[in-house]
Amino acid sequence: YSMAAGLCDQAVSLDKQSYLANYYKGRAYHKQGDFFHAFEGYKEAIRLKPDFGFAYFQRASLFLSVRLRSFGCEDLKIADSLHVAGAHEALLEYCR
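Since this is a predicted model, take the numbers as computed values, not measurements.

Asker: Explain a nonpolar patch on the surface here, please?
Answerer: On the surface, a cluster of nonpolar side chains totalling about 330 Å² of accessible area is made up of Phe-35, Val-66, Leu-68 and Phe-71. Among the secondary structure elements, Val-66 is positioned in the loop between α4 (53–65) and α5 (69–81).

This is the structure we're talking about:
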């Protein structure tokens, strides 16, 4: 995943307004366990496209993995409202 993260960094540097490049940057860093850079990628993807539910869903996963349950549950609620597959089930499982 380090090669993927590097390629995503390049893509973002070429087009800072690409919500998808930022999202995939977040995914690549998330898979490496680099939560700071993953968060930054997801946050920027959401800023650029606030209705991009997959970024909320993945950021929720990140938050839940580091025991920031309240933040994760908020993002899951948003992802669910945007009809992201699996968000409703995750909301029921982690946010009762």
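Structure shown, so let's carry the discussion forward.
Asker: Help me out: how do you make sense of the side chain of His-30 in this one?
Answerer: Following the sequence through the fold, His-30 ends up in helix α2 (residues 19–32). Setting aside its immediate chain neighbours within four residues, His-30 contacts Phe-35, Ala-38, Tyr-42, Gln-58, Ser-61 and Leu-62.

Asker: I keep staring at the packing of aromatic side chains and nothing clicks. Help me out?
Answerer: The geometry of an aromatic ring pair is captured by two quantities: the separation of the ring centres and the angle between the planes. Under the defined criterion, the tally for this structure stands at seven aromatic pairs. On the numbers, 5.1 Å between centres and 70° between planes, the contact of Tyr-23 with Tyr-24 is edge-to-face. Judged by its relative accessible area of 7%, Tyr-23 is buried. Overall, Tyr-24 belongs to the partly exposed group, its relative accessible area being 46%. A centroid spacing of 5.8 Å and a plane angle of 50° characterise the contact between Phe-39 and Phe-63, whose relative ring orientation is tilted.

Asker: Quick question: what am I supposed to make of the environment of Gln-17 here?
Answerer: Among the secondary structure elements, Gln-17 is positioned in the loop between α1 (2–14) and α2. The spatial distance from the C-alpha of Gln-17 to the C-alpha of Leu-48 is 6.7 Å, given a sequence separation of 31 residues. Once residues within four sequence positions are removed from consideration, Gln-17 is found in contact with Arg-47 and Leu-48.

Asker: Would you take a moment to explain α5 for this structure?
Answerer: Counting along an α-helix, one turn takes 3.6 residues, and residues three or four places apart therefore face a common direction. The terminal C-alpha atoms of α5, which comprises 13 residues, lie 18 Å apart, in line with the 18 Å expected from a rise of 1.5 Å per residue. When α5 is considered as a whole, its buried residues turn out to be Gly-72, Cys-73, Asp-75, Leu-76 and Ala-79. Considered in projection along α5, the buried side chains sweep an arc of 165° and stay on one side of the axis. Of the surrounding elements, those touching the buried residues of α5 are α4 and α6 (87–94).

Asker: Got a minute to help me understand the pattern of salt bridges in this structure?
Answerer: Any two side chains of opposite charge can pair, so long as their charged atoms come close to each other. Taken as a whole, this structure holds five salt bridges when the rule is applied. Asp-75 is the partner of Arg-59 in a salt bridge, and the nearest nitrogen-oxygen pair spans 2.5 Å. In this pair, Arg-59 is assigned in helix α4 and Asp-75 in helix α5, connecting sequence segments 16 residues apart. For the pair shown, Arg-59 and Asp-75 are each scored as buried. In this structure, the salt-bridge partner of Glu-74 is Lys-77, at a minimum N-O distance of 3.3 Å. Here Lys-77 and Glu-74 lie together in helix α5, a separation of three residues that amounts to about one turn. Assessed through its relative accessible area of 43%, Glu-74 is described here as partly exposed.

Calculation notes
- Starting from 1, residues in each chain are numbered consecutively following that chain's sequence as written.
- Where local features are concerned, this predicted model is filtered to residues with pLDDT of at least 70; where side-chain atom pairs are given and counted, the filter is 80 or more; whole-chain, interface and lining totals use all residues.
- To obtain the side-chain values, all non-hydrogen atoms of the structure were included, while hydrogens and water were left out.
- Nonpolar side chains (Val, Leu, Ile, Met, Phe, Trp, Tyr) are joined into patches within 5 Å and like charges within 9 Å, using only residues with over 30% relative accessible area and no salt bridge.
- Areas reported here follow the Shrake-Rupley algorithm with a probe of radius 1.4 Å; residue values treat only the protein chains shown as occluding.
- Any Lys or Arg side-chain nitrogen found within 4 Å of a carboxyl oxygen on Asp or Glu counts as a salt bridge.
- We count a stretch as a helix when DSSP gives it H or I for four or more residues in a row; a strand needs E for two or more, and each element gets its number in order from the N terminus.
- Contacts are assigned to residue pairs with any non-hydrogen atoms lying within 4.5 Å of each other.
- A pair of Phe, Tyr and Trp rings is counted when the ring centres sit within 6.5 Å of each other, with Trp represented by its six-membered ring. The angle between the planes then sorts it: under 30 degrees is stacked, over 60 is edge-to-face, the rest tilted.
- Any residue under 20% of the maximum accessible area for its type is buried, any over 50% is exposed, and the rest in between are partly exposed; the area is computed with a 1.4 Å probe on protein chains only.
- What a helix is expected to span follows from its residue count: subtract one and scale by 1.5 Å.
- Throughout, the arc means the angular range of directions from the helix axis out to the C-beta atoms.

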